[in-house]
Each structure stands twice: as C-alpha cells, then as structure tokens.
Amino acid sequence: MYFKMLMASVAFAAVMSVPVSAQEKKECPASLPKGTECFAGADENGAFYWIARPQNWNGILVVHSHGGPRTAKPKPDDPVEDLERFAVTVEEGYAWAGSNYRRPGYGVRMAAEDTDNVRKVAEKLLGEPRLTLLHGQSWGGNVAAKTAELYALDANGKTNYDGVVLTSGVLGGGTGSYGFRADLRAVYQYYCRNHPRPGEAQYPVWQGLPEDGKMARAELEKRVDECTGVSLAKDKRSPEQAKNLANILAVTKVPERSLVGHLAWSTNLFQDIVWRRLDGQNPFDNSKTVYSGSDDDAALNKGVERFSADAKARRLLAYDADLTGMIVAPTISMHAMDDPTAFVGLEAQYRETVAKAGNADLLVQTFTDENQHSKLSTPQYAAIFAAMVEWIEKGKKPTRTSIADGCKAASSRYNNEPCRFVMDFEPQVAGK
C-alpha cells in the first residue's frame, strides 16, 4: 500500500538492492572552483548523495532537491549532474549537498525526507553552518516546498532551514500539476489512435501503461512522428500529420518542442504513480472537461476518452505531494515565462496557496523572459541566493528590482550572461 511504501524506507531500499556505502572523498567535477572538496556516500536509507565545500566557504549550506522524478535505478554519481548544473552556488562560496533519493519514481514525502537527511549528513561533515538554504529545481521545487513545510523547524523549534529558493518549480503539487498531461493523453489518443494501437492490449490512458507494460522513448517518438510528423520540417509533414499536430497543440496548449517529453511523462511517470503508488487507482479526471481550440470541438468532446478520478487515489496523491502554504522561512522563486516543461501558471497556484495560508509576506516571486526549464541564466541564480541571504541576515525583503540589480552586478563574473528578469509579469492560474 502507498502509506507502507512511504514509511518502510529501509525495507524498500533493501528490496531495491541499494547498498549503504561509507562516505568517501571524491574528485570534484572540473566545473567547480579550484580547491573545492567533494564527498559522496549513501545515507541510512540507501539514498546516494554528494557534498561540495569550496575553499572560500562562506559558512552557508545549500541543500538541493533535484527534479524528475527519475524513473531509472539510482546510481552513486547521479547527484553530480545537478551539482554541475548549479555550480554557481559553489562558485559564490556556498557549500552544496544533494541527494538522489532512495528509490526511483514518484514520492514527494519520500524525497523530502531524503533531502532533509542529506542536510543532517552535510552538517555532521561540515559543522554547523551559519545559514542553511533549501533549493528545489523543477519537480524538486515541489519536494523542497514540501521539505520546508515538514522540516523547517525541528521538534524543539530550532530552525533547520533559514530560507528557501524554488526555481522552475512544479508548485501545483500532485493534484494540481499533472492533469494537463492526462488531458494530453486523451486528446492525443483521439487524434492518433496509436498509444495504444488498435491491435494492442487496450487500457485507459490515465494509467500511462499497463502495470507490466514497457515503452522505450524511441518507440514513443516513432508513434508521435507517425501521427504528427513533429520531428519533421513543416513542409515535410503530410496534411493529415499537420492537422493532427495543430489540433493537439491548440487544445492542450503544450508547446510543440516539448510534446514528446510531456507524452513520455504521461506514459512512464503515470504508470509509476498509478501502479506503484496508488494501487492501480486513478487520480485524474476529465469527466466534465470541455475541450476547445480544435477544428471540430463538438466531435472531439463527443469522441474523446473520458475518465473520473477515484476519491481515495486523489486523497493519497494530495497527501503525498500537495502544498499547504504553511511556510515559516523566507521563500524566493524564479521561473521562465515561457517554460515549456513546468508552465509558469504553477507559480500562480503556489502564490494563491501561500496567500490563503496567510503567509504572502514570506514569498517573493521573480520571472524571466526565457524559454528554458532546466537551467536559466547563471547570474540570476547568484542574485536570488544573495538576495535571500540579505533578507535573512538584514531583514530586508527583496524586490524584483533589487534582485535584478544584484544580477547585473554578478553578470561580469559569469561571462556577461544576461539578466532577463521581467518586472511587471504576473502569471494566471490555468483556466482562470
């Protein structure tokens, strides 16, 4: 059962054959500053971690929650990818610690516990930091926000996390972030009829795949191409492919460049969520959704596959991943306006959640005019971390303007990469 999987972490790690390794000193990636020391190991639950301490450590620890969720079996050096991606933190003098989580697949509370565990490991290794900041990227934004709600204070009221930075975050939680992908599967199947194909075992698309089903990314890409020609130049697509693609994109609002990616998540990740976390039950609902934007909305709404959420599955997913807005630490977010993966409207959902909990004064949201998800312009990260430290230490709440000014000051240290903050943008919740 779902709750047993959340609670029986040590037993699950044993089943996954993830060894608990002794901590060892490692050679740091070349992208880190000279003189940085790196350490790696596995925590008591088998979650692999890496820790980096720069030679000029400023006494501040950044604890990182990575995105995904990753569905491949964890490997000892997996955290290096994010350590290199966010090497700006080490360059700026912060120590960095990140966990790969104890198992693959979905589980926000699991990942939050592992995130907090690597904090404890890092503090034991490095000594008590001057400040501890929590950073979440992509799905890791959901994980970090949940970590902040669960572990910002210990049982004695001591502060574990002084501030929280959320970048490109999936901040709608479990029930508010993935419904569009269920819609995508339904709309795609209406037009394409090849996922599953007519001659294959049939299953409701909200399952992602049957419990024992497998589909490689290459096979999915092949099917999407058959129907839409999305990998082809526009003039190479057949009229039918062009029509299918135009309808799917217009109805779902998914960008063309990330269509295959979102279909992949609504295939393999949905399979993990439904079969391994929710006992085969459905958390998604399109029973009353009115689809629009196609060349024949009436036919689409009449013929599209319909499904209703199971109440228990919905509750379980909400319990695991939804956010309450009950934050106690200053929080800064940064999100590209044209993020093709985690749509910027998720920030509006989080803003409403935090405001409803009465904590709007603890949240500063920033936006850039970029069209990326995994990594934004480097000096922007330097700026938001510096703004967070000033907020904590001097009680000076940052503004978008002050953060943008800090970015301009940092830009020369990072090859004059641009600062692309937008001052007057406010995202809207989808459908409002």
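Below is a short write-up of the structure. (Residues numbered from 1 in each chain as written. Predicted model: local features only at pLDDT ≥ 70, side-chain atom pairs only at ≥ 80, totals over all residues. Heavy atoms only, no water.)

1. So, the packing of aromatic side chains
Now for step 1: In total, this model carries nine aromatic pairs according to the counting rule given.
Now for step 2: Taken together, a centroid distance of 5.9 Å and an interplanar angle of 80° make the contact between Tyr-106 and Tyr-178 edge-to-face. Remark: Tyr-178 occurs in the loop between helix 7 (173-177) and helix 8 (179-192) and Tyr-106 occurs in the loop between strand 5 (95-99) and helix 5 (108-126); sequence separation between them is 72 residues. Considered together, Tyr-106 and Tyr-178 belong to a single accessibility category, that of buried residues.
Now for step 3: An aromatic cluster is present here, built from Tyr-101, Tyr-106, Trp-139 and Tyr-178 joined pairwise through their rings.
Now for step 4: Directly above the aromatic system of Tyr-319 lies the positively charged group of Arg-109, at a separation of 3.8 Å from the ring centroid.
Now for step 5: Its end group placed over the ring of Tyr-161, Arg-119 keeps NZ or CZ at 5.5 Å from the ring centre. (Phe/Tyr/Trp six-rings, centres within 6.5 Å; stacked < 30°, edge-to-face > 60°. Helix = DSSP H or I, 4+ residues; strand = E, 2+ residues; numbered from the N terminus. Buried < 20%, exposed > 50% of the residue type's maximum accessible area, 1.4 Å probe, protein only. Lys NZ or Arg CZ within 6 Å of the ring centre and 35° of its normal.)

2. Here we look at the state of the cysteines
Now for step 1: Summed over all chains, the structure comprises three disulfides.
Now for step 2: A sulfur-sulfur separation of 1.9 Å characterises the disulfide bridge that pairs Cys-192 with Cys-227. The sign of the S-S torsion, about -75°, decides the handedness of the disulfide formed by Cys-192 and Cys-227: left-handed. Within this pair, whereas Cys-192 is found in helix 8, its partner Cys-227 is found in helix 9 (residues 217-228), the two being separated by 35 residues in sequence. Both residues of the pair, Cys-192 and Cys-227, belong to the buried class.
Now for step 3: Sulfur-sulfur distance for the disulfide between Cys-407 and Cys-419 comes to 2.1 Å. (Disulfide = S-S within 2.5 Å.)

3. With respect to the packing of helix 9 against helix 10 (residues 239-252)
Packed helices, taken two at a time, are described by the angle their axes make and the gap between the axes.
Now for step 1: Direction vectors running N to C along helix 9 and helix 10 enclose 110°, while the axes themselves pass 6 Å from each other. Our classification of the angle between helix 9 and helix 10 gives roughly perpendicular. Residues Asp-225, Glu-226, Cys-227 and Thr-228 of helix 9 form the contact with helix 10, whose participating residues are Glu-240, Gln-241, Ala-242, Asn-244, Leu-245 and Ile-248. (Axes fitted to C-alpha atoms, helices over the stretch in contact; angles between N-to-C directions. Parallel < 35°, antiparallel > 145°, perpendicular 65-115°, else oblique. Contact = heavy atoms within 4.5 Å.)

4. Comments concerning the sheet that holds strand 6 (residues 131-137)
Now for step 1: The strand order across the open sheet built from ten strands is 1-2-3-5-4-6-7-8-9-10, with neighbouring strands paired in mixed fashion. The sheet is open, and its two edges are formed by strand 1 (24-26) and strand 10 (421-422), each paired on a single side.
Now for step 2: As paired strands, strand 7 (residues 163-167) and strand 8 (residues 331-336) are joined by four bridges and run parallel to one another. Across the sheet, residue Thr-167 finds its bridge partner in strand 8, namely Met-334.
Now for step 3: Across the sheet, helix 14 (residues 345-356) is in contact with strand 7, strand 8 and strand 9 (363-368); its angle to strand 9 comes to roughly 170°.
Now for step 4: In the packing of helix 15 (residues 378-394) onto the sheet, contacts are made with strand 4 (60-65), strand 6, strand 7, strand 8, strand 9 and strand 10, and the angle to strand 8 comes to roughly 165°. (Pairing = 2+ DSSP bridges.)

5. Comments concerning the pattern of salt bridges
Now for step 1: Here the structure, examined in full by the defined rule, presents 27 salt bridges.
Now for step 2: Here Lys-120 ties to Asp-116 by a salt bridge, and the two come within 4.0 Å at their closest N and O atoms. With Lys-120 and Asp-116 both in helix 5 and four residues apart, the pair spans about one turn of that helix.
Now for step 3: Residue classification places Lys-120 among the partly exposed residues on the basis of a relative accessible area of 44%.
Now for step 4: In this structure, Arg-277 and Asp-272 form a salt bridge, with 2.8 Å as the shortest nitrogen-oxygen distance. Both residues of the pair, Arg-277 and Asp-272, count as buried. (Salt bridge = Lys/Arg side-chain N within 4 Å of Asp/Glu carboxyl O.)

6. Considering the packing of helix 9 against helix 11 (residues 259-277)
Now for step 1: Viewed as axis vectors pointing N to C, helix 9 and helix 11 meet at an angle of 125°, and their least axial separation amounts to 10 Å. If you check the angle between helix 9 and helix 11, you find them oblique. In this structure, the crossing between helix 9 and helix 11 has a hand that is right-handed. Each of Arg-217, Leu-220, Glu-221 and Val-224 in helix 9 lies in contact with helix 11, whose residues at this interface are Leu-259, Val-260, Gly-261, Leu-263, Ala-264 and Thr-267. (Left-handed = near helix turned anticlockwise from the far one by under 90°.)

7. Overview of the nonpolar core
Buried together is how nonpolar side chains tend to be arranged in soluble globular proteins.
Now for step 1: The biggest cluster of nonpolar side chains holds 51 residues, and the ones touching the most others in it are Tyr-106, Trp-139, Tyr-178, Val-224, Ile-248 and Leu-259.
Now for step 2: Counting only elements with at least two residues in this core, the list comes to helix 5, helix 6 (139-151), helix 8, helix 9, helix 10, helix 11 and helix 13 (311-321).
Now for step 3: Here this core gets eight residues from one element, more than from any other, and that element is helix 11.
Now for step 4: Beyond its immediate chain neighbours, meaning those up to four positions away, Leu-259 contacts Leu-184, Val-224, Val-230, Leu-245, Ile-248, Leu-249 and Val-254.
Now for step 5: Listed in part, the 39 residues of the second largest apolar core include Leu-83, Ala-87, Val-88 and Ile-332. (Core = buried A, V, L, I, M, F, W, Y, C linked by side-chain atoms within 4.5 Å.)

8. A few points about the pairing of strand 3 (residues 48-53)
Now for step 1: Counting buried positions over the six residues of strand 3 gives five, a clear majority of the element.
Now for step 2: Both strand 2 (residues 37-42) and strand 3 contribute to a ladder of six bridges, which runs antiparallel. Following the sheet pairing, Gly-41 is matched in strand 3 by Tyr-49.
Now for step 3: Where strand 2 hands over to strand 3, the hairpin turn is made up of five residues, of which Gly-46 adopts a positive phi near 90°.
Now for step 4: Where strand 3 lies against strand 5, four bridges are found, and the strand directions are antiparallel. Bridging across to strand 5, Trp-50 finds its partner in Gly-98.

9. Digging into the side chain of Asp-116
Now for step 1: On the basis of relative accessibility, which here comes to 3%, the residue Asp-116 falls in the buried class.
Now for step 2: Polar side-chain contacts of Asp-116 include one of 2.8 Å to the side chain of Arg-119.
Now for step 3: If we ignore the near neighbours within four places in the chain, the residues touching Asp-116 are Tyr-151 and Tyr-161. (Polar contact = N/O pair within 3.5 Å; in protein donor to acceptor, adjacent residues only side chain to side chain.)

10. Thoughts on the environment of Leu-317
Now for step 1: By secondary structure assignment, the location of Leu-317 is in helix 13.
Now for step 2: Sequence spacing of Leu-317 and Asn-371 is 54 residues, and the spatial spacing of their C-alpha atoms is 29 Å.
Now for step 3: If sequence neighbours within four positions are ignored, Leu-317 has contacts with Tyr-106, Gly-174, Thr-175, Ile-273, Leu-278, Pro-283 and Asp-322.

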